[in-house]
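Structure at a glance
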Amino acid sequence: MHHDVPSRAATPEPAPVAALAPAERRRQITLGVRDSFSAGLGIFPLGIALGLLIMQAGLPWWLAPALSLAAFAGSLELLLVGMMATVTPLAAVALTVLVVNFRHVFYAFSFPLHLVRHPVAKAYAVYAMIDEAYAVNASLPEAERSAPRLLAMQIACETYWVGGGLVGVALGAALPAPVKGLEFALCALFTVLTLDAFRSRSELPSVLLAGAAAALVLTPGLALFTALLLFVGLLLVRHTLTTRRPAQETTDA
């Protein structure tokens, strides 16, 4: 007697992402530009500060758009202007870039790069993965994310930054005298971010650690760089202590 042997079911392959209709693609792009408005309120004025700072440092005007395109990172660019004006050694510049932007490695773990399929578009999404783009995208529900919306938001953010830098260059060339204290723009930005974190009780330990690191006076010539290293070390210690505490409580229970 013949028995039919049931064939082994083949594992279904993941379905490819369906292409968006032209009308839906335009809607997603519009939503992406609209998403960028909140971030643009901070990006554009900071870009103006970058352009003004470049002109006041006596550097060529074209450095504003060149820096904005070559290294799309606001805080880093403001640091680079000061380092270029003082002819900082290249090794110190490279180490500063690594320390300041190393956080972007962790952004990639949760940034929806899998939505972008085209290699060129994916490369741009990685290049334009700034803090503001990450924060705006993180606030969106998973079902509302798409490649056109993500890329439109990132392109709009870079437009604000490059445009702000050009406006700052124009203002710097038109002003009869340099604006004093403009180099404090980056420190002011970090102060505002610290105050926002201070409003959250859960972030109070991190704020205190940042204050301890910023109060460093041992290396006045490299205070910011040393403070960043110290802050990273203190955060690692805090992470170790907070992860051990729940484990100990579970063991005691």
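A few points on the structure. (Residues numbered from 1 in each chain as written. Predicted model: local features only at pLDDT ≥ 70, side-chain atom pairs only at ≥ 80, totals over all residues. Heavy atoms only, no water.)

Topic: empty space enclosed by the protein
To be explicit about the condition: The distinction between a cavity and a pocket rests on a 1 Å grid over the protein atoms alone: a 1.4 Å probe fits inside a cavity but cannot get out, while a pocket stays open yet meets protein on both sides within 12 Å along at least five of seven lines, and a residue with an atom within 4 Å of a point counts as lining. Grid points are joined across faces, edges and corners, and a volume is the space filled by probe spheres set on the points. Each helix is a run of H or I in the DSSP string that is no shorter than four residues. Each strand is a run of E no shorter than two, and both are numbered from the N terminus.
Tallying each qualifying case throughout the model produces one cavity of 30 Å³ or more. Of the volumes computed, that of the largest cavity is approximately 70 Å³. Looking at the largest cavity, the residues that line it are Asp35, Pro112, Leu115, Val136, Asn137, Leu140, Arg145, Ser146, Arg149, Leu150 and Met153. At the level of elements, helix 7 (131-138) and helix 8 (147-174) are the ones that each hand at least two residues to the lining of the largest cavity.

As for the packing of aromatic side chains
The condition is simple: Aromatic rings from Phe, Tyr and Trp, with only the six-membered ring used for Trp, were paired whenever their centres fell within 6.5 Å, and each pair was classed as stacked if the ring planes differed by under 30 degrees, edge-to-face if by over 60, and tilted otherwise. Relative accessibility thresholds used throughout: buried, under 20% of the residue-type maximum; exposed, over 50%; partly exposed, between the two (1.4 Å probe, protein chains only).
As enumerated under the stated definition, the model contains three aromatic pairs in all. An angle of 40° between the planes, with centres 6.1 Å apart, marks the rings of Phe72 and Tyr127 as tilted. Highlighted residues: Phe72 in the loop between helix 2 (63-70) and helix 3 (74-85) and Tyr127 in helix 6 (residues 119-127), separated in sequence by 55 residues. A relative accessible area of 7% places Phe72 in the buried class. Seen from their ring centres, Tyr124 and Tyr127 are 5.6 Å apart, and the 50° between their planes marks the pair as tilted. Of the two residues, Tyr124 and Tyr127 are both situated in helix 6; the distance of three residues between them amounts to about one turn of the helix. In this structure Tyr127 comes out as partly exposed when scored by relative accessible area, which is 30%. Taken together, the ring pairs in this structure connect Phe72, Tyr124 and Tyr127 into an aromatic cluster.

Observations regarding helix 3
Quick note on the threshold: Take the number of residues in a helix, subtract one, and multiply by 1.5 Å to get its expected span.
End to end, helix 3 covers 17 Å across twelve residues, agreeing with the expected 16 Å (1.5 Å per residue, within 8%). By the burial criterion, the buried members of helix 3 are Ser75, Leu76, Glu77, Leu78, Leu79, Leu80, Val81 and Met83. Val87 occupies a position one or two residues after helix 3 and carries a positive phi of about 55°.

Let's talk about the side chain of Glu77
Put simply, the test is: Two N or O atoms count as a polar contact when they lie within 3.5 Å, although within protein this holds only if one can serve as hydrogen donor and the other as acceptor, and sequence-adjacent residues are included solely when both atoms are side-chain atoms. Throughout, a contact is declared for two residues whenever any of their heavy atoms are within 4.5 Å.
Mapping Glu77 onto the fold places it in helix 3. Since its relative accessible area comes to 0%, Glu77 is described here as buried. At 3.4 Å, the side chain of Glu77 forms a polar contact with the side chain of Ser68. When residues no more than four places from it in sequence are discounted, the contact partners of Glu77 are Leu50, Leu67, Ser68, Ala71, Phe72 and Trp161.

Here we look at a nonpolar patch on the surface
Inclusion rule: Patch membership requires over 30% relative accessible area and the absence of a salt bridge. Like charges are linked within 9 Å, and nonpolar side chains (Val, Leu, Ile, Met, Phe, Trp, Tyr) within 5 Å. For the area figures, the Shrake-Rupley method with a 1.4 Å probe applies, and any residue is considered shielded solely by the protein chains shown. For this analysis, a salt bridge means a side-chain nitrogen from Lys or Arg found within 4 Å of a carboxyl oxygen belonging to Asp or Glu.
A cluster of nonpolar side chains, namely Leu95, Leu98, Phe102, Val105, Phe106 and Phe109, defines an oily patch on the protein surface of about 630 Å² accessible area. Mapped by element, the contributors of at least two residues to the nonpolar patch are helix 4 (90-101) and helix 5 (104-107). Residue position: Phe102 is located in the loop between helix 4 and helix 5.

Digging into the packing of helix 6 against helix 8
The condition that has to hold: Helix axes use the C-alpha atoms of the stretch in contact, all axes being lines fitted to C-alpha atoms, and the angles between their N-to-C directions lie in the range 0 to 180 degrees. When describing relative orientation, an angle under 35 degrees is termed roughly parallel and one over 145 degrees roughly antiparallel, while 65 to 115 degrees is termed roughly perpendicular and anything else oblique. Put simply, a crossing is left-handed when the front helix is turned counterclockwise from the back one by less than a right angle, and right-handed when it is turned clockwise. The residue classification treats Ala, Val, Leu, Ile, Met, Phe, Trp, Tyr, Cys and Pro as nonpolar and Asp, Glu, Lys and Arg as charged. All others, Gly included, are polar.
It is the contact of helix 6 with helix 8, at a shortest axis distance of 10 Å, that shows an interaxial angle of 50°. When the interaxial angle is binned, helix 6 and helix 8 end up oblique. The two elements helix 6 and helix 8 cross, and the hand of that crossing is left-handed. Of helix 8, the residues touching helix 6 (which contributes Ala121, Tyr124, Ala125 and Tyr127) are Leu151, Gln154, Ile155 and Glu158. Here the contact of helix 6 with helix 8 is composed, by residue class, of six nonpolar, one polar and one charged.

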